Amino acid sequence: PDEISVGELASRMKKTGAEVVKCLMKNGVMASLSQMIDFDTASFVAEELGCKVEKEVVVTIEEKLIDTTEDRPEDLVPRAPVVVVMGHVDHGKTSLLDTIRNTSVASGEAGGITQHIGAYQAQINGKPITFLDTPGHEAFTSMRARGAMVTDIAILMVAADDGIMPQTVESINHAKAANIPIIVAVNKIDKENANPDRVMQQLTEYGLVPEEWGGETIVCKISAKKHIGIENLLENLALLAEVQELKANPNRAGQGTVIEARLDKGRGPVATLLVQNGTLKQGDIIIAGTSVGRVRTMLDYRGNRLTEAGPSVPVEIAGLSEAPVAGAPFFAVADERMARELVEQRKAEERAKAAAPVQKVSLENLFDQI
Ligand code: GDP
Ligand code: MG
């Protein structure tokens, strides 16, 4: 990259190797023709010999294909927050997601939600909020393992009769590591043995001091089952989202993250995508990991057909060559041939990685191990 052999440098300057070697030697560097010298040394020698050295810019297919330019502030517009529900098993994550979906999504829509795509949008005071509906914990963990940043706010569910449990702590750590604000929902307050004060006490031990105790953590007491305190929770969520001033640029190629994917018997590979920037359009060529294809159909969480999806909108698409892995980033691109080339390149890299031995054993470390 930033190195060149003495011989190569000589030939590019149309000088003899001897001239370059001699010049290096004069300046105290002993080098043979095959020896690599760094950029600064090459520049120095070149100048001595009346030439100029420039760094070579190597553009990969990926760089040619994928638009990673930063948005200008004036191109950004507000977008919906993306919320994940986390917490210990049986503390009520699924119940809360179902309750929100049934009260805030289906209202006014005959039939409500007919399908499950791993994410949905609810309207809170006329503004959309995107909820990830995947088995929260695993999805979030696998996405974080891939470095995907999809969520803006975490709702931490803690059952009031059970308190903080191992997966609660894990969830807190995940959210903190990802720098995502936490709203606590103390659930199951309808239960006789509910003890929300004990939960609040426990929370303080993890640096989550409730607002009502002078801290900064919003704690909402709810019952997902009996529909108590849900509206208050959602209003606090909307408020926290507003403070974050989340923005994106809808006027560029769509890009985001794969939320989940599967192989459908009739429709082939089907993937739920969260658009995070730009606008994804029907007919777009997209690339996601080692999967590539045209967006043949695009459905929203109600199963309605869409032709376009902007930032923070979850969609289910068909048309990819294979089911991509959850957490993989996706990009809409302009050049299909190049996209297929990039996928082939990625597949070759994967094969090479799979074929490589996990651990190289040399004589030394072989004896170390024994
Ligand atoms: P998850 O594992 O976190 O998704 O928890 P679920 O939503 O599946 O709930 C686990 C169990 O707790 C189920 O039997 C729910 O009916 C029950 N449950 C959830 N929320 C409440 C609640 O607010 N009050 C009561 N009494 N039970 C609840
Ligand atoms: Mg569940």
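On a predicted model such as this, the values are computed, not experimentally measured, just so you know. (Residues numbered from 1 in each chain as written. Chains lettered and ligands numbered in written order. Predicted model: local features only at pLDDT ≥ 70, side-chain atom pairs only at ≥ 80, totals over all residues. Heavy atoms only, no water.)

**Brief notes about the site of ligand 1**
- Around ligand 1, the surrounding shell holds 15 residues, and the nearest of these are Asp-90, Lys-93, Thr-94, Ser-95 and Asp-190.
- Measuring from an oxygen atom of ligand 1, one finds a backbone N or O atom of His-91 at 3.4 Å.
- Side-chain polar atom of Ser-95 to an oxygen atom of ligand 1: 2.6 Å apart, as the coordinates give it.
- A total of 570 Å² of accessible area belongs to ligand 1 in isolation, and the protein chains cover 75% of it.
- Here the shell around ligand 1 takes three residues from helix 5 (residues 93-105), the largest share from any one element.
- Class assignment for the residues of the shell around ligand 1 results in two nonpolar, seven polar and six charged. (Near = heavy atom within 4 Å. Polar contact = N/O pair within 3.5 Å; in protein donor to acceptor, adjacent residues only side chain to side chain. Areas by Shrake-Rupley, 256 points an atom, 1.4 Å probe, with all protein chains shown as cover. Helix = DSSP H or I, 4+ residues; strand = E, 2+ residues; numbered from the N terminus. Nonpolar A, V, L, I, M, F, W, Y, C, P; charged D, E, K, R; others polar.)

**Concerning the environment of Val-199**
- Summarising the element assignment, Val-199 is placed in helix 8 (residues 196-204).
- Owing to a relative accessible area of 0%, Val-199 belongs among the buried residues under this scheme.
- Distance from Val-199 to Val-158, taken between C-alpha atoms, is 7.5 Å for residues 41 residues apart in sequence.
- Beyond its immediate stretch of four places on either side in the chain, Val-199 contacts Val-158, Ala-159, Ala-160, Gly-163 and Val-186. (Buried < 20%, exposed > 50% of the residue type's maximum accessible area, 1.4 Å probe, protein only. Contact = heavy atoms within 4.5 Å.)

**Some remarks on the nonpolar core**
- Judged by nonpolar contacts, the single largest core of 28 residues is most densely connected at Leu-96, Ile-100, Phe-131, Ile-155, Ile-222, Leu-233 and Leu-237.
- If you list the elements that add at least two residues to this core, you get strand 4 (82-87), helix 5, strand 5 (119-124), strand 6 (127-132), strand 7 (153-159), strand 8 (182-187) and helix 9 (230-244).
- When residues of this core are assigned to their parent elements, the largest contribution, seven residues, is made by helix 9.
- Setting aside its immediate chain neighbours within four residues, Leu-237 contacts Val-83, Ile-129, Phe-131, Ile-153, Ile-155 and Ile-183. (Core = buried A, V, L, I, M, F, W, Y, C linked by side-chain atoms within 4.5 Å.)

**Concerning the confidence of the model for the protein**
- For the protein, per-residue confidence averages 89 on the pLDDT scale, and residues scoring 70 or more make up 89% of the total.
- Counting interchain partners and residues more than four positions distant, the pLDDT-below-50 stretch residues 106-113 has eight contacts.
- In the model, residues 364-370 has pLDDT below 50 throughout and makes three contacts with residues more than four positions away in sequence or in other chains.
- The ipTM value of the predicted complex is 0.99, and its pTM value is 0.81. (pLDDT = per-residue confidence, 0-100.)

**Structural notes on the sheet that holds strand 15 (residues 291-299)**
- Pairing within the closed barrel is antiparallel, and its six strands lie in the order 11-12-17-15-14-18. Strand-to-strand, the axes of this sheet are offset by a mean angle of 45°, without reference to chain direction.
- Here nine bridges tie strand 11 (residues 255-264) to strand 12 (residues 268-277), and the two strands are oriented antiparallel to one another. Note on strand 12: the bridge partner recorded for Val-258 is Leu-273. (Pairing = 2+ DSSP bridges. Axes fitted to C-alpha atoms, helices over the stretch in contact; angles between N-to-C directions.)

**So, unusual backbone geometry**
- Non-glycine residue Lys-14 carries a positive phi angle of around 55°.
- With respect to the element layout, Lys-14 can be found in the loop between helix 1 (6-12) and helix 2 (17-26).
- Given a relative accessible area of 74%, Lys-14 falls into the exposed group.
- One non-glycine residue, Asn-179, lies in the positive phi region at around 60°.
- Positionally, Asn-179 belongs in the loop between helix 7 (166-177) and strand 8.

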